[in-house]
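Fold and geometry: a report
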Amino acid sequence: MIQPPNYDGRLIRPLRPPEITHDNRGWISRWIIRLQSVEEALLDRLESELSQDDSELSVKLSPVNNEVIVLEMRTKTNPLDVDCYETVDRALRLIDAQTSGIKEINDSPKDWWRTFRK
């Protein structure tokens, strides 16, 4: 039998959303991602792969230090809109899979985010 979701307020974890701006070309979201370690050579390849996979997505990955990168995504839809979940999820999962692994997204543990929740 399927159990109903647990709506206990003590289980709610507030998340800091990405910084979001909008201009005449679409939406720009900036995500702060803490990795196990940053491999700068890999960032260019990931940028290219993510941008080529989706004509409505443009990606820039910028290293901040040896553990933190900024993921900047330009999308045609607000990145927090349900219509953009698949695009955001794919980007975060690819970064997680092809790097040393995501530790945090916007200062919260990776597993708190819908994309990686079990």
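Structure's up top.
Starting afresh in each chain, residues are numbered from 1 along the sequence in its written order. Note on the predicted model: pLDDT of at least 70 is required for a residue's local features to be given, and 80 or more for side-chain atom pairs to be given and counted; whole-chain, interface and lining totals, by contrast, use all residues. Water and hydrogen atoms play no part in the side-chain values, which are based on all heavy atoms of the structure.

1. As for the environment of S48
Position of S48 among the secondary structure elements: in helix 1 (residues 40-53). Taking the C-alpha atoms as reference points, S48 and R25, separated by 23 residues in sequence, lie 19 Å from one another. Runs of E in the DSSP output that reach at least two residues are strands. Runs of H or I that reach at least four are helices, and both are numbered from the N terminus.

2. As for the pairing of strand 5 (residues 102-105)
The pairing criterion is simple: DSSP has to find at least two bridges between the two strands. Relative to strand 5, strand 2 (residues 26-35) is paired through three bridges, and the arrangement is antiparallel. If you follow I33 over to strand 5, its bridge partner there is I105. Across two bridges, strand 5 lies against strand 6 (residues 108-109) in antiparallel orientation. Within strand 6, the residue paired with E104 across the bridge is P109. Hairpin connection between strand 5 and strand 6: a loop of two residues separates the two successive antiparallel strands, and N106 in this loop has a positive phi of roughly 50°.

3. With respect to the side chain of T115
Mapped onto the fold, T115 is located in the segment after strand 6. Of the residues examined, T115 reaches a relative accessible area of 8% and is grouped as buried. Within 3.5 Å is the distance limit for a polar contact, defined as a pair of N or O atoms, with the added protein rule that one can donate a hydrogen and the other accept it, and that residues adjacent in sequence qualify only through two side-chain atoms. At 2.6 Å, the side chain of T115 and the side chain of D89 are in polar contact. Residues in contact with T115, not counting those within four places in the same chain, are D89, L92 and R93. Type-normalised accessible area, obtained with a 1.4 Å probe on protein chains alone, sets the label of each residue: buried when under 20%, exposed when over 50%, and partly exposed for intermediate values. Two residues form a contact once any of their heavy atoms are found within 4.5 Å.

4. Some words on helix 2 (residues 85-98)
With 14 residues, helix 2 should reach 20 Å at 1.5 Å per residue; the first-to-last C-alpha distance of 20 Å fits that figure. Taken as a whole, helix 2 has its buried residues at T87, V88, D89, A91, L92, L94, I95 and D96. One less than the residue count of a helix, multiplied by 1.5 Å, gives the span that helix is expected to have.

5. Structural notes on the layout of surface pockets
A probe matching the size of a water molecule, rolled over the atoms, marks out where space remains unfilled. Both cavities and pockets are sets of points on a 1 Å grid over the protein atoms alone; in a cavity a 1.4 Å probe fits but cannot get out, in a pocket the set is open with protein on both sides within 12 Å along at least five of seven lines, and lining residues sit with an atom within 4 Å of a point. Grid points are joined across faces, edges and corners, and a volume is the space filled by probe spheres set on the points. Empty space within the largest pocket amounts to approximately 200 Å³. Lining of the largest pocket is provided by L15, W31, P79, L80, Y85, V88, D89, L92, W113, R114, T115 and R117. It is helix 2 that provides the largest number of residues to the lining of the largest pocket, a total of four residues. For the lining of the largest pocket, the residue count by class is eight nonpolar, one polar and three charged. Amino acids outside the nonpolar list (Ala, Val, Leu, Ile, Met, Phe, Trp, Tyr, Cys, Pro) and the charged list (Asp, Glu, Lys, Arg) are all regarded as polar, and Gly is one of them.

6. Here we look at unusual backbone geometry
Phi is positive for N106, which is not a glycine, with a value near 50°. Relative to the elements of secondary structure, N106 occurs in the loop between strand 5 and strand 6. In this structure, D107 is a non-glycine residue whose phi angle is positive, near 70°. Along the polypeptide, D107 turns up in the loop between strand 5 and strand 6.

7. Side note on the nonpolar core
Residue types Ala, Val, Leu, Ile, Met, Phe, Trp, Tyr and Cys, when buried and joined through side-chain atoms within 4.5 Å, form a set referred to as a nonpolar core. Counting residues in hydrophobic clusters, the biggest one holds 24 residues, and the most contacted among them are W31, I33, L61, I69, L71, M73 and I95. For this core, the elements supplying multiple residues, two or more each, are strand 2, helix 1, strand 3 (57-63), strand 4 (68-75), helix 2 and strand 5. In this structure I95 touches I33, L35, L46, L50, L61, I69, L71 and I102, once residues within four positions along its chain are discounted.

8. Considerations on the pattern of salt bridges
Should a side-chain nitrogen of Lys or Arg be within 4 Å of a carboxyl oxygen of Asp or Glu, the pair is scored as a salt bridge. A full pass over the atoms with the stated rule returns ten salt bridges. R16 is paired through a salt bridge with D107; the nearest N and O atoms lie 2.8 Å apart. Separated by 91 residues along the polypeptide, R16 in the segment before strand 1 (19-23) and D107 in the loop between strand 5 and strand 6 bring together distant segments of the chain. Taking relative accessible area as the criterion, D107 reaches 53% and is therefore assigned exposed. Close ionic contact of E19 with R30 constitutes a salt bridge, the shortest N to O distance being 3.3 Å. Of this pair, E19 sits in strand 1 while R30 sits in strand 2, placing them eleven residues apart in sequence. Given the relative accessible area of 48%, E19 is considered partly exposed. Several salt bridges converge on common partners, so that one network encompasses R34, E67, K103 and E104.

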